[in-house]
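# Secondary and tertiary structure notes
Listed here are the chains, written in short residue letters.
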Amino acid sequence: MQLPPLNALRAFEATARLMSLSKAGDELHVTHAAISHQLKHLEAWLGRKLLQKSGRGVALTPAGSEYYLAVSGSLAAIAHATGNMRRDHNMRSITVGCIPSIASRWLVPALPSFRESEPDLDVRIVYAKAEERFDDESLDVLITMGEDLSGGRESRLLFSRRNQPVASIHYLAKRNWTVGSVPFAAADLLHDESVDGWKEWFRKTEIKAPEPVRGPVFQDFNILATAVIAGHGVALCPVEVFRREIDRGDLVVLSDISTAETQGYYLITSAWAKKPVRRFTEWFTKECRSAGSPIIE
């Protein structure tokens, strides 16, 4: 088997992906000059020009583009196999990335039951941003908004993201409103990241929206949840995620009209996940199902 110098391959892959020798050097923790040396070494070894200058950066030649497709895929496969090999050699723990809204309401409260059934397996829970994508080099499980349709992934829908207006019964009492007669245009509207959610909801109703749509905007959904439960106003919330708060009476649903019905919260793993990861996956989907939330396989 005739292989090119592997350090030169890594330098080429990083440079082609980042389109910069300097950025490639930063990623690989070597100097710009070292990257340049490795690239020249690889081109000399192949007898082909792979990169050319383009403005302040670099661009791939036709031969470089063809070679990059093969190299990047091969290195990704090696990285995936290596990550699995290192974790699976003695798999006593799994790492779960989870967005805070699901972690605080569903995962963390239920975790003791998993530890009882799997006493020899530790679970490490790490913070995940809503836009974060599954990376099987650092995570065994990702629980987030949206599914992952890329190859080698499995996505399970845990909850619909269907948003409906909710409020605390104390807020309604303070305003002398009943559940079925809330004047939404006059309510204190609470917003998740922007006012766009409420604007969409008003468009789906025959209710004239206030001009302008106002109210506090919360960047973190858990803070919004705290505000609506405390009686600060009316919020659009994913009712399946808030099923427990609704069942307890902390929140009441004010309208059947909803938004974001086609979106959802998913549990994502590698398609080749090992048995401990699959046991965790089965356990958590059953926990969600037992609480009355619909699960779609």
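Residues numbered from 1 in each chain as written. Predicted model: local features only at pLDDT ≥ 70, side-chain atom pairs only at ≥ 80, totals over all residues. Heavy atoms only, no water.

### Describing the packing of aromatic side chains
- Applying the stated criterion across every chain, the model contains 15 aromatic pairs.
- Between F12 and Y68, the aromatic rings sit 6.4 Å apart at their centres with planes inclined by 80°, giving edge-to-face as the arrangement. With a gap of 56 residues between them, F12 in helix 1 (residues 6-18) and Y68 in helix 4 (residues 62-88) connect regions that are remote in the sequence.
- Residue Y68 is classed as buried on the basis of its relative accessible area, which comes to 18%.
- Aromatic pair F280 and F284: ring centres 6.3 Å apart, planes at 15°, arrangement stacked. Pair noted here: F280 and F284 are both in helix 10 (residues 275-290), with a separation of 4 residues, about one helical turn. Across this residue pair, the class does not change: F280 and F284 are buried.
- Every member of this aromatic cluster is reached through a ring pair, and the members are F114, F280, W283 and F284.
- In this arrangement the basic side chain of R244 is found over the ring face of W106, its NZ or CZ atom lying 4.0 Å from the centre. (Phe/Tyr/Trp six-rings, centres within 6.5 Å; stacked < 30°, edge-to-face > 60°. Helix = DSSP H or I, 4+ residues; strand = E, 2+ residues; numbered from the N terminus. Buried < 20%, exposed > 50% of the residue type's maximum accessible area, 1.4 Å probe, protein only. Lys NZ or Arg CZ within 6 Å of the ring centre and 35° of its normal.)

### A short note on helix 7 (residues 196-204)
- Among the residues making up helix 7, those that are buried are W198, W201 and F202. One face of helix 7 carries all of its buried residues, which in axial projection span an arc of 100°.
- Considering only its buried residues, helix 7 is in contact with strand 7 (163-167), strand 8 (189-192) and strand 10 (234-238). (Arc of directions from axis to C-beta. Contact = heavy atoms within 4.5 Å.)

### Observations regarding the sheet that holds strand 5 (residues 141-145)
- Read across the sheet, 5 strands follow the order 4-3-5-12-6 without closing on themselves; strand pairing throughout is mixed. Each having just a single partner strand, strand 4 (122-127) and strand 6 (153-160) make up the two edges of the open sheet. Between one strand axis and the next, the sheet turns by 20° as a mean value, whatever way the strands run.
- Pairing of strand 5 with strand 12 (residues 264-270), which is carried by 4 bridges, proceeds in the antiparallel orientation. Following the sheet pairing, T144 is matched in strand 12 by Y266.
- Sitting on the sheet, helix 5 (residues 100-117) touches strand 3 (93-98), strand 4, strand 5, strand 6 and strand 12, and the angle it makes with strand 4 is about 170°. (Pairing = 2+ DSSP bridges. Axes fitted to C-alpha atoms, helices over the stretch in contact; angles between N-to-C directions.)

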